[in-house]
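Chain by chain, the residues run as shown.
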Amino acid sequence: MRLPRSVETADVAGKRVLVRADLNVPLADGRVADDTRIRASLPTLRLLLERGAADVAVCSHLGRPKGPDPAFAMAPVEARLRELLPDDRISVLENTRFDAREAKNDPSLAAELAEGRDLYVNDAFGSAHRAHASTEAIARVLPAYAGLLLLRELSELGRLLGDVDRPFVLVSGGLKVEDKLPVLEHLGGRADNVLVGGKMAEQLREENPLPFEVELPADVVAAATFAADAEARVTPYDALPEGWLGLDIGPDTRRAFADRIAAARTIFWNGPMGVFEWPRFAEGTKAVAEAVAAADAYSVVGGADSVRALTELGLEDRVSWVSTGGGASLELLEGKELPGVAAIPAA
């Protein structure tokens, strides 16, 4: 895999630096509700400050605003960043997506971002698959480098694309098979076992477009309606009552999946096994999370829902790598080149 040149090789002393970070964090009551992504940006920012950067301006998108919107202003993010890294040389620019030119990868916006800056550092892996002005065009205006988080993501995820220790187990779940079909095709064909839960399993049971077999749930936790308090029971998948919904994998499937995971030497997990936001239908996702955390394997977890489940169970420190990039992770593992990475000169 081609790796871009590292910020560690840049001469930043006395320089004014623009950093594209991924500060797209959830807000609640005007405050940051989860600062995981802000914390992930700190190593690169600290490196720049320790090496004598004169000024570090950080830019990021936040949410999906259609234009300037106070609900998506960066002020709460900047406040939290300043609490974590109280240095007057740090500033946070306003939400990049307040400007329509951002998503159009407009060179004029890149030129404005670059004004008065000496170099650019992209540390936003979660946005590296977007050819936007702050991720791609800007890297063609200023001398560009990859941040520490971006490089770590490329390195850790890249291990899954090389020679891996076997058995290699891929666990996939979630709602739509179309969203993950490319990575299943590219990466699943290299795996020894592909375990599928969630709504995806139903879609693949009806029609499997993949050129290899996948392991689907033998039993499910079925519900009479799609509701947290719905009447529910465990049933074999082929005995699902008419009109009922499978909202989680059943206990037999949990054990079977856990056994496969326990025997693995390399694991990639992306997507929950059911409607894990509702406690009555969270046991399948919990079982997978615990099995991945307990495995004696190189383990990578990606996707917002999988990472959330892992974090809520306090297991994030027991896997090899927790990816910060949802779509970026999937596109990289599909074998695609990410625009935000391709724009940075090679190491």
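Just above sits the structure.
Cut-offs and rules
- Residues numbered from 1 in each chain as written.
- Predicted model: local features only at pLDDT ≥ 70, side-chain atom pairs only at ≥ 80, totals over all residues.
- Heavy atoms only, no water.
- Helix = DSSP H or I, 4+ residues; strand = E, 2+ residues; numbered from the N terminus.
- Rg over C-alpha atoms; globule rule 2.2 N^0.38 Å.
- Buried < 20%, exposed > 50% of the residue type's maximum accessible area, 1.4 Å probe, protein only.
- Contact = heavy atoms within 4.5 Å.
- Areas by Shrake-Rupley, 256 points an atom, 1.4 Å probe, with all protein chains shown as cover.
- Core = buried A, V, L, I, M, F, W, Y, C linked by side-chain atoms within 4.5 Å.
- Pairing = 2+ DSSP bridges.
- Axes fitted to C-alpha atoms, helices over the stretch in contact; angles between N-to-C directions.

Engineer: Would you take a moment to explain the overall build of the protein for this structure?
Structural biologist: The helix and strand tally for the protein stands at 11 helices and 15 strands. In terms of overall size, the protein behaves like a compact globule, its C-alpha atoms giving a radius of gyration of 22 Å where 347 residues would be expected to give roughly 20 Å. If you line up the protein on its principal axes, its C-alpha atoms span 65 × 45 × 35 Å. The proportion of buried residues among the 347 residues of the protein is 54%. For the protein, the proportion of contacts with a sequence separation of at least 24, taken over those separated by at least 6, is 73%. Total accessible area computed for the protein in this model is approximately 15,200 Å², and 49% of it derives from carbon and sulfur atoms.

Engineer: Would you take a moment to explain the environment of Asp259 for this structure?
Structural biologist: Here Asp259 shows up in helix α7 (residues 251-263). Assessed through its relative accessible area of 55%, Asp259 is described here as exposed. Residues Asp259 and Val288, spaced 29 residues apart in sequence, show a C-alpha to C-alpha distance of 10.0 Å.

Engineer: When you look at the nonpolar core in this model, what are you seeing that I'm missing?
Structural biologist: One finds Phe125, Ile138, Leu150, Leu160, Leu187, Val194 and Phe268 to be the most contacted residues of the largest nonpolar core, which totals 52 residues. Ignoring anything within four residues of it in the chain, the contact list for Val194 reads Leu170, Leu184, Gly188, Phe212, Val214 and Glu215. One finds Leu23, Ala53, Leu62 and Val121 within the second-largest nonpolar core, a separate group that totals 28 residues.

Engineer: Honestly, the sheet that holds strand β13 (residues 266-270) in this entry has me stumped. Any pointers?
Structural biologist: Backbone hydrogen bonds are what pair the strands of a sheet, in a parallel or an antiparallel way. Spatial strand order, β9-β8-β13-β14-β15: five strands in an open sheet with parallel pairing. The sheet terminates laterally at β9 (193-196) and β15 (321-322), the two strands that pair on one side only. Judged from the five bridges that link them, strand β8 (residues 168-172) and β13 form a sheet pairing that is parallel. Pairing of Val171 across the sheet is with Trp269, part of β13. Sitting on the sheet, helix α5 (residues 177-188) touches β8, β9 and β13, and the angle it makes with β8 is about 170°.

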